[in-house]
Amino acid sequence: MKKTVRILSFILCFVMMFSCVSLAAGTEEKPFENSEFFEYGDYTVHYRRFLPEGGTKGRIIMLHGFVCSTYAWNNMAAEMTEKGYECLLIDLPGFGYTTREDENTNFVPRETLVKELAETIAPMNEWIVAGHSMGGGVSMNIAVENPDIKALLLYCPAPINEMPQAMKGFMTGKFMSGLMNTITPVITKLTPLVRVALLMASMDWEFTKNYDLSGITVPMALPKTGGNLFRTSFTATVTDFEKVKELKMPVLLVNATKDLILTGQMKEQIETELEPDMLYEVETGHFCIENRSEELADVTENFLNENL
């Protein structure tokens, strides 16, 4: 029971920390100049492609963390595209500009949606998969289901743990979803909290004070976002570390020395289970892919050159 309370408190903390003033009540037809949409069943998946000039050295799928979106990968995508890599940024269900699930949604796992979308561009064995935070957990699942991917890049990855199924009906039901959908817009008006949250996540004041808040606020203001924070946590595919141990593709693991989001136990678990080909520690907080993108792009390029 204590573990359940901690998990639910953690999710509520993220809602409080990363939600801020709403800049829009809806979304434009194309949120970004390079926005595209992929239809699959009941889902409309928002994605963006960053294409290099000239030849392509490789293709990278980039998956964001909790309460984030493709916006979080802007800097890394720009850096890696400059180095010759095509980057495919995807909003996972419940976040960014992708479908919000509810009780009427014909559920499809996140891993399946990512694969189906990626394969409209190239077979999975041509892709490198990268994930940050929650997206790192999704990326590990994708690697387990698609062991022929070229490489796995993990930046402060968060394993996906099983939620207490006895509470699933209540936490994902109409009452709780409606409550969260009502609370979230109210919380998003507490503007000062976002700067504190970003500072805690990045441990970088210069980055924090210059950050364009709309990258978080606009998608967080969309209808049904609040209810999806719990729903996606209960429906997520749990990380199977027994299968993760068997992964054969090259693995890069990046940890942040000042990370206040991931616990030492979580970091140790992933290091032990993954046995990465390269472990790199970056001197910053959890949002390393944003405020240390140039450094991590160089590390990533060197890793791929040495291992592919």
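Caption draft 1: Focus on helix α14 (residues 293-307). Across its 15 residues, α14 extends 21 Å between first and last C-alpha, which sits within 8% of the 21 Å expected from 1.5 Å per residue. Within α14 the residues assigned to the buried category are Ser293, Leu296, Ala297, Val299, Thr300, Glu301, Phe303 and Leu304.

Caption draft 2: The arrangement of a nonpolar patch on the surface in detail. A surface patch of nonpolar side chains, about 380 Å² in accessible area, is lined by Phe170, Phe175, Leu179 and Ile183. Top contributing element to the nonpolar patch by residue count: helix α6 (residues 174-187), with three residues. You can see Ile183 is positioned in helix α6. Ile183 sits in the partly exposed class, given a relative accessible area of 32%.

Caption draft 3: Broad picture of the sheet that holds strand β6 (residues 151-155). Reading across the sheet, the eight strands line up as β1-β2-β4-β3-β5-β6-β7-β8 and stay open at both edges, with mixed pairing between neighbours. Strand pairing shows two members of the sheet lacking a second neighbour, β1 (35-40) and β8 (278-282), which therefore form its edges. Strand-to-strand twist of the sheet, defined as the mean angle between neighbouring strand axes without regard to direction, takes the value 20 degrees. As paired strands, β6 and strand β7 (residues 251-256) are joined by four bridges and run parallel to one another. Opposite Leu152, over in β7, you have Val251 as the bridge partner. Relative to the sheet, helix α3 (residues 110-118) contacts β1, β2 (43-50), β3 (58-63), β4 (85-90) and β5 (127-132), its axis offset from that of β1 by approximately 115 degrees. Sitting on the sheet, helix α4 (residues 134-145) touches β3, β5 and β6, and the angle it makes with β5 is about 150 degrees.

Caption draft 4: Summary view of the packing of helix α2 (residues 74-82) against α14. Running from amino to carboxyl end, α2 crosses α14 at an angle of 45 degrees, the nearest separation of the two axes being 9 Å. As far as their axial angle goes, α14 and α2 are oblique. Note on packing geometry: the crossing formed by α2 with α14 is right-handed. Counting all contacts with α2, which are made through Asn75, Met76, Glu79 and Met80, the residues of α14 involved are Ser293, Glu294, Leu296, Ala297, Thr300, Glu301 and Leu304. Tallied by class, residues from the contact of α2 with α14 come to five nonpolar, three polar and three charged.

Caption draft 5: Looking closely at the side chain of Thr99. Within the secondary structure layout, Thr99 lies in the loop between β4 and α3. Residue classification places Thr99 among the buried residues on the basis of a relative accessible area of 17%. In contact with Thr99, other than residues within four places in its own chain, are Asp42, Tyr43, Thr44, Pro93 and Gly94.

Caption draft 6: Quick look at unusual backbone geometry. Phi is positive for Cys156, close to 45 degrees, though the residue is something other than glycine. Mapped onto the secondary structure, Cys156 falls in the loop between β6 and α5 (168-171). The exposure class of Cys156 is buried, given its relative accessible area of 1%. Unusually for a residue other than glycine, Glu275 sits at a positive phi of about 50 degrees. The residue Glu275 is located in the loop between α12 (264-274) and β8 in this model. Exposure remark for Glu275: the relative accessible area of 63% places this residue in the exposed category.

Caption draft 7: Structural view of the packing of aromatic side chains. Taken as a whole and judged by the stated rule, the model has seven aromatic pairs. Look at Tyr71 and Tyr211: their rings are 5.9 Å apart centre to centre, the planes differ by 80 degrees, and that puts the pair in the edge-to-face class. Taken together, the residues span a long stretch of sequence, with Tyr71 in the loop between β3 and α2 and Tyr211 in the loop between α8 (205-210) and α9 (214-220) at a distance of 140 residues. Look at Tyr211 and you get buried, because its relative accessible area is 9%. Relative to Tyr211, the ring of Phe207 lies with its centre 5.1 Å away and its plane at 65 degrees, an arrangement referred to as edge-to-face. Taking the ring centre of Phe32 as reference, the NZ or CZ of Arg48 above it sits at 3.8 Å.

Caption draft 8: Molecular detail of the pattern of salt bridges. Tallied over the full model, the rule gives eleven salt bridges. Ionic pairing is found between Asp204 and Arg292, a salt bridge with its closest N-O pair at 3.2 Å. With Asp204 in the loop between α7 (192-202) and α8 and Arg292 in the loop between α13 (288-291) and α14, this residue pair connects regions lying 88 residues apart in the sequence. When its relative accessible area of 13% is taken as the criterion, Asp204 is described as buried.

Reading the values: rules and limits
- Residues numbered from 1 in each chain as written.
- Predicted model: local features only at pLDDT ≥ 70, side-chain atom pairs only at ≥ 80, totals over all residues.
- Heavy atoms only, no water.
- Helix = DSSP H or I, 4+ residues; strand = E, 2+ residues; numbered from the N terminus.
- Expected span 1.5 Å × (residues − 1).
- Buried < 20%, exposed > 50% of the residue type's maximum accessible area, 1.4 Å probe, protein only.
- Patch = residues over 30% accessible without salt bridge, like charges linked within 9 Å, V, L, I, M, F, W, Y side chains within 5 Å.
- Areas by Shrake-Rupley, 256 points an atom, 1.4 Å probe, with all protein chains shown as cover.
- Salt bridge = Lys/Arg side-chain N within 4 Å of Asp/Glu carboxyl O.
- Pairing = 2+ DSSP bridges.
- Axes fitted to C-alpha atoms, helices over the stretch in contact; angles between N-to-C directions.
- Contact = heavy atoms within 4.5 Å.
- Parallel < 35°, antiparallel > 145°, perpendicular 65-115°, else oblique.
- Left-handed = near helix turned anticlockwise from the far one by under 90°.
- Nonpolar A, V, L, I, M, F, W, Y, C, P; charged D, E, K, R; others polar.
- Phe/Tyr/Trp six-rings, centres within 6.5 Å; stacked < 30°, edge-to-face > 60°.
- Lys NZ or Arg CZ within 6 Å of the ring centre and 35° of its normal.

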